[in-house]
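Residue-level listing of the chains:
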Amino acid sequence: MSRIGKLPVAIPQGVKAAVAGQLVSVEGPKGKLSFSVRPGVIVEVAEGNFVVSMTGNDAQSKADYGTTRATINNMVQGVSKGWKRLLELNGVGFAAKLQGKNLVLSVGFSHEVSIELPNEIKANVQKNSVELESADRELVGTYAAKIRQVQPPEPYLGKGIKYAEEKIRRKAGKTGKK
């Protein structure tokens, strides 16, 4: 049985939580999120906590048990504190700018790359860094990966788009023949 699934998820002050059948809804100062629980897992609100339990004993129910609890915990943290992801652009002439809801990247191609951001994500752009913020952790991670995929960092010079906390494992370049 999942050790993570057993832990209750505390509902902080200012966050409204509701369970209607298989739909879990959480609303707080940063936004509103909902999640559809898979069959074999039951979610209840008791004493200011979300409590997750299993109905079945099959492998799929066991797998969904811990995942459901982790997803609900991420939702509660998202609507109360929010999730952030910082990306850095490394390279000569690499820059980012915001045009309406589009993030425009100039990353060494002959053209600029435009990525449309959803309404749920707020982007804060400096010249060489992009900060994404939202209540939905999955959405922030997906769009950060999508932006990074435009020009991933390369191991020789370190040029490209990388996460702020990411370490690029550098390789030695060519050596001269003696």
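Note that the coordinates shown come from a computational prediction; the quantities given were computed from them, not determined experimentally. (Residues numbered from 1 in each chain as written. Predicted model: local features only at pLDDT ≥ 70, side-chain atom pairs only at ≥ 80, totals over all residues. Heavy atoms only, no water.)

Details of the overall build of the protein
Looking only at helices and strands, the protein has three helices and 13 strands in total. Its C-alpha atoms give the protein a radius of gyration of 21 Å, more than 25% over the compact-globule value 16 Å for 178 residues. When the backbone C-alpha atoms are referred to their principal axes, the protein occupies close to 70 × 45 × 25 Å. Here the protein, with 178 residues, has 33% of them falling under the buried criterion. Put simply, of all contacts in the protein between residues at least 6 apart along the chain, 50% involve residues at least 24 apart. Accessible surface computed for the protein: about 11100 Å², of which carbon and sulfur atoms make up 50%. (Helix = DSSP H or I, 4+ residues; strand = E, 2+ residues; numbered from the N terminus. Rg over C-alpha atoms; globule rule 2.2 N^0.38 Å. Buried < 20%, exposed > 50% of the residue type's maximum accessible area, 1.4 Å probe, protein only. Contact = heavy atoms within 4.5 Å. Areas by Shrake-Rupley, 256 points an atom, 1.4 Å probe, with all protein chains shown as cover.)

Details of the environment of Ser 129
Inspection of the secondary structure assignment puts Ser 129 in strand S12 (residues 129–134). Distance from Ser 129 to Ala 70, taken between C-alpha atoms, is 29 Å for residues 59 residues apart in sequence. Those residues within four positions of Ser 129 in sequence are excluded, and the remaining contacts are Leu 86, Leu 87, Glu 88, Leu 89 and Asn 124.

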